[in-house]
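Each chain, written out:
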Amino acid sequence: AQQFVDLAARRCRACQNVEVRKLAEDDYINLDKAPGPFSVILCVSVLQYYRNFSEVEALIRAAKSLAYPGARMLIADLPVRRGKLGFIWDGLCSCFLSIAGGYFRVLLATAYARWLRKSSYKSCYNQTPQLLFTVAGLKALIQKTGLHARMIKGNFSVYANRLNLLVQF
């Protein structure tokens, strides 16, 4: 979303080693115009919106082509395939994180807007299925692609209990 690209650009304006760009909407896997090479590549809260796992593999290959040898790519905040109880548990854990982080009211307002009010995000979310990830699926991705990667623990967004992958090129 352009608003988040603009926000990131404003926050990183003083950082001379950071460049913020929006990918092409019709060809968001194509990184040919990225200035690279990079030593760190962040991919946070993004892959769930890809159409399929082949696109995920293609993005990793594209990122590798822009990476210095030894560069790292953090692929974080991957939603986990869960049942209703898992979803409720994740919601409770997210609430605990927000209390500890001091943003509980913001989380409640966002959750209300996301789940109970009519919004453009909600209508888009309802029309486009999200990719959901599993530990076994990520292990299979690592093996299939021959990545030097490992799963890491940590919460990199407001959502608790998401999966994260650290790749070294």
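For clarity, every value in this text was computed on a predicted model and none was experimentally measured.

Draft legend 1. Summary view of the sheet that holds strand β3 (residues 148-151). The mixed open sheet is built from four strands, whose spatial order is β1-β2-β4-β3. Each edge of the open sheet carries a strand with a single partner, namely β1 (38-44) and β3. Neighbour-to-neighbour, the strand axes of this sheet turn through a mean angle of 15°, independent of strand direction. Where β3 lies against strand β4 (residues 163-168), four bridges are found, and the strand directions are antiparallel. Counted as the bridge partner of Arg150 is Leu166 from β4. Its contacts with the sheet place helix α2 (residues 53-65) against β1 and β2 (67-78), and it is angled at close to 145° to β2. In the packing of helix α6 (residues 135-145) onto the sheet, contacts are made with β2, β3 and β4, and the angle to β4 comes to roughly 15°.

Draft legend 2. Geometry of the packing of aromatic side chains. Considering all chains together, one arrives at two aromatic pairs under this definition. Both rings, one in Tyr28 and one in Tyr50, keep their centres 4.8 Å apart while their planes meet at 70°; by these two values the pair is edge-to-face. Remark: Tyr50 occurs in the loop between β1 and α2 and Tyr28 occurs in the loop between α1 (2-11) and β1; sequence separation between them is 22 residues. For Tyr28, a relative accessible area of 16% translates into the label buried. For Tyr50, a relative accessible area of 4% translates into the label buried. With centroids separated by 5.4 Å and ring planes inclined at 85°, the aromatic side chains of Phe53 and Phe133 adopt a geometry described as edge-to-face. Of this pair, Phe53 sits in helix α2 while Phe133 sits in the loop between α5 (120-127) and α6, and the two are 80 residues apart along the sequence. The partly exposed category is assigned to Phe53, whose relative accessible area is 40%. Looking at Phe133, the relative accessible area reads 4%, which means it is buried. Over the face of the ring belonging to Tyr159 we find Arg162, whose NZ or CZ atom lies 4.1 Å from the ring centre.

Draft legend 3. View of the pairing of β2. In this structure, β1 lies alongside β2, joined through six bridges in parallel fashion. Among the inter-strand pairings, Val44 is bridged to a residue of β2, identified as Ala76. Remark: the β1/α2/β2 crossover connection has right-handed handedness. Taken together, the five bridges between β2 and β4 define a ladder with antiparallel strand orientation. Within β4, the residue paired with Arg72 across the bridge is Gln168.

Draft legend 4. Here's a closer look at the environment of Ala67. Here Ala67 shows up in strand β2. The class of Ala67 is buried, set by a relative accessible area of 16%. Through-space distance from the C-alpha of Ala67 to that of Phe38 is 4.8 Å; in sequence the pair is 29 residues apart. Setting aside anything within four residues of it in sequence, one finds Ala67 in contact with Pro37, Phe38, Ile41 and Phe169.

Draft legend 5. How the structure looks around α2. The terminal C-alpha atoms of α2 lie 19 Å apart, and with 13 residues this matches the ideal 18 Å at 1.5 Å per residue to within 8%. If you check which residues of α2 are buried, you get Glu55, Val56, Glu57, Ala58, Leu59, Ile60, Ala62 and Ala63. Here the buried face of α2 lies against β1, β2 and α6. The opening residue of α2 is Asn52, an N-cap whose side-chain oxygen sits 3.1 Å from the backbone nitrogen of Ser54.

Definitions and limits used
Residues numbered from 1 in each chain as written. Predicted model: local features only at pLDDT ≥ 70, side-chain atom pairs only at ≥ 80, totals over all residues. Heavy atoms only, no water. Pairing = 2+ DSSP bridges. Helix = DSSP H or I, 4+ residues; strand = E, 2+ residues; numbered from the N terminus. Axes fitted to C-alpha atoms, helices over the stretch in contact; angles between N-to-C directions. Contact = heavy atoms within 4.5 Å. Phe/Tyr/Trp six-rings, centres within 6.5 Å; stacked < 30°, edge-to-face > 60°. Buried < 20%, exposed > 50% of the residue type's maximum accessible area, 1.4 Å probe, protein only. Lys NZ or Arg CZ within 6 Å of the ring centre and 35° of its normal. Right-handed = clockwise from strand over helix to strand, strands pointing away. Expected span 1.5 Å × (residues − 1). Polar contact = N/O pair within 3.5 Å; in protein donor to acceptor, adjacent residues only side chain to side chain.

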